[in-house]
Amino acid sequence: MGKKYWRCNVCNDIHYGNAGPEFCPTCMTKNAYAEIDEQEAKKVMKLG
Ligand SMILES: [Zn+2]
């Protein structure tokens, strides 16, 4: 199955994998990750 991009909606951290992490490793917020598409992920990473 294809992996997906996930973004923390608190600190905009990007995670790539089958599911978003339960806790964001950057801001420690629980269940903060939302699925985004690859184009959006690259845009965020370029800005970030
Ligand atoms: Zn975060």
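Conventions and cut-offs
- Residues numbered from 1 in each chain as written.
- Predicted model: local features only at pLDDT ≥ 70, side-chain atom pairs only at ≥ 80, totals over all residues.
- Heavy atoms only, no water.
- Core = buried A, V, L, I, M, F, W, Y, C linked by side-chain atoms within 4.5 Å.
- Buried < 20%, exposed > 50% of the residue type's maximum accessible area, 1.4 Å probe, protein only.
- Contact = heavy atoms within 4.5 Å.
- Donors = N, O, S within 2.8 Å, 3.2 Å for Na, K, Ca; no water.
- Tetrahedral: all angles 85-135°; square planar, octahedral: opposite > 155°, others 65-115°.
- Helix = DSSP H or I, 4+ residues; strand = E, 2+ residues; numbered from the N terminus.
- Salt bridge = Lys/Arg side-chain N within 4 Å of Asp/Glu carboxyl O.
- Pairing = 2+ DSSP bridges.
- Axes fitted to C-alpha atoms, helices over the stretch in contact; angles between N-to-C directions.

Some remarks on the nonpolar core
Then, in step 1: Of all hydrophobic cores here, the largest spans 5 residues; its members are Trp6, Cys8, Cys24, Ala32 and Tyr33.
Then, in step 2: Other than its neighbours up to four places away in sequence, cysteine 8 contacts Asp13, Cys24, Cys27, Ala32 and Tyr33.

Remarks on the coordination of the zinc ion
Then, in step 1: Coordination of the zinc ion by the protein involves Cys8 (SG), Cys11 (SG), Cys24 (SG) and Cys27 (SG), with metal-donor separations of 2.2 to 2.3 Å.
Then, in step 2: Angles of 104 to 116° at the metal separate the 4 donor atoms of the zinc ion, which places the site in the tetrahedral class.
Then, in step 3: Read from N- to C-terminus, the donor residues coordinating the zinc ion fall into the pattern C-x2-C-x12-C-x2-C. With a gap of 13 residues between them, cysteine 11 in the loop between strand S1 (4–8) and strand S2 (14–17) and cysteine 24 in the loop between S2 and strand S3 (33–36) connect regions that are remote in the sequence.
Then, in step 4: In this structure cysteine 11 comes out as partly exposed when scored by relative accessible area, which is 29%.

Focus: the pattern of salt bridges
In a structure, side chains of opposite charge can pair up when their charged atoms sit close to one another.
Then, in step 1: All chains considered together, the criterion is met by 5 salt bridges.
Then, in step 2: Between lysine 30 and glutamate 22 there is a salt bridge whose closest N-O contact spans 3.6 Å.
Then, in step 3: Within the structure, one salt-bridge network assembled from shared partners comprises Arg7, Glu40 and Lys43.

Here we look at the environment of lysine 30
Then, in step 1: Positionally, lysine 30 belongs in the loop between S2 and S3.
Then, in step 2: A relative accessible area of 46% means that lysine 30 is categorised as partly exposed.
Then, in step 3: Residues lysine 30 and valine 44, spaced 14 residues apart in sequence, show a C-alpha to C-alpha distance of 21 Å.
Then, in step 4: In contact with lysine 30, not counting residues within four places along its chain, are Glu22 and Phe23.

Quick word on the sheet that holds S1
Then, in step 1: The 3 strands are arranged S2-S1-S3 in an open sheet whose pairing can be described as antiparallel. Pairing within the sheet leaves two strands with one partner each, and these edge strands are S2 and S3. Adjacent strand axes in the sheet meet at a mean angle of 35° when their direction is disregarded.
Then, in step 2: As judged from the 4 bridges shared by S1 and S2, these two strands associate in the antiparallel manner. For tyrosine 5, the partnering residue across the bridge sits in S2 and is tyrosine 16.
Then, in step 3: The strands touched by helix H1 (residues 38–47) are S1, S2 and S3; relative to S1, the strand with the most contacts, the crossing angle is about 45°.

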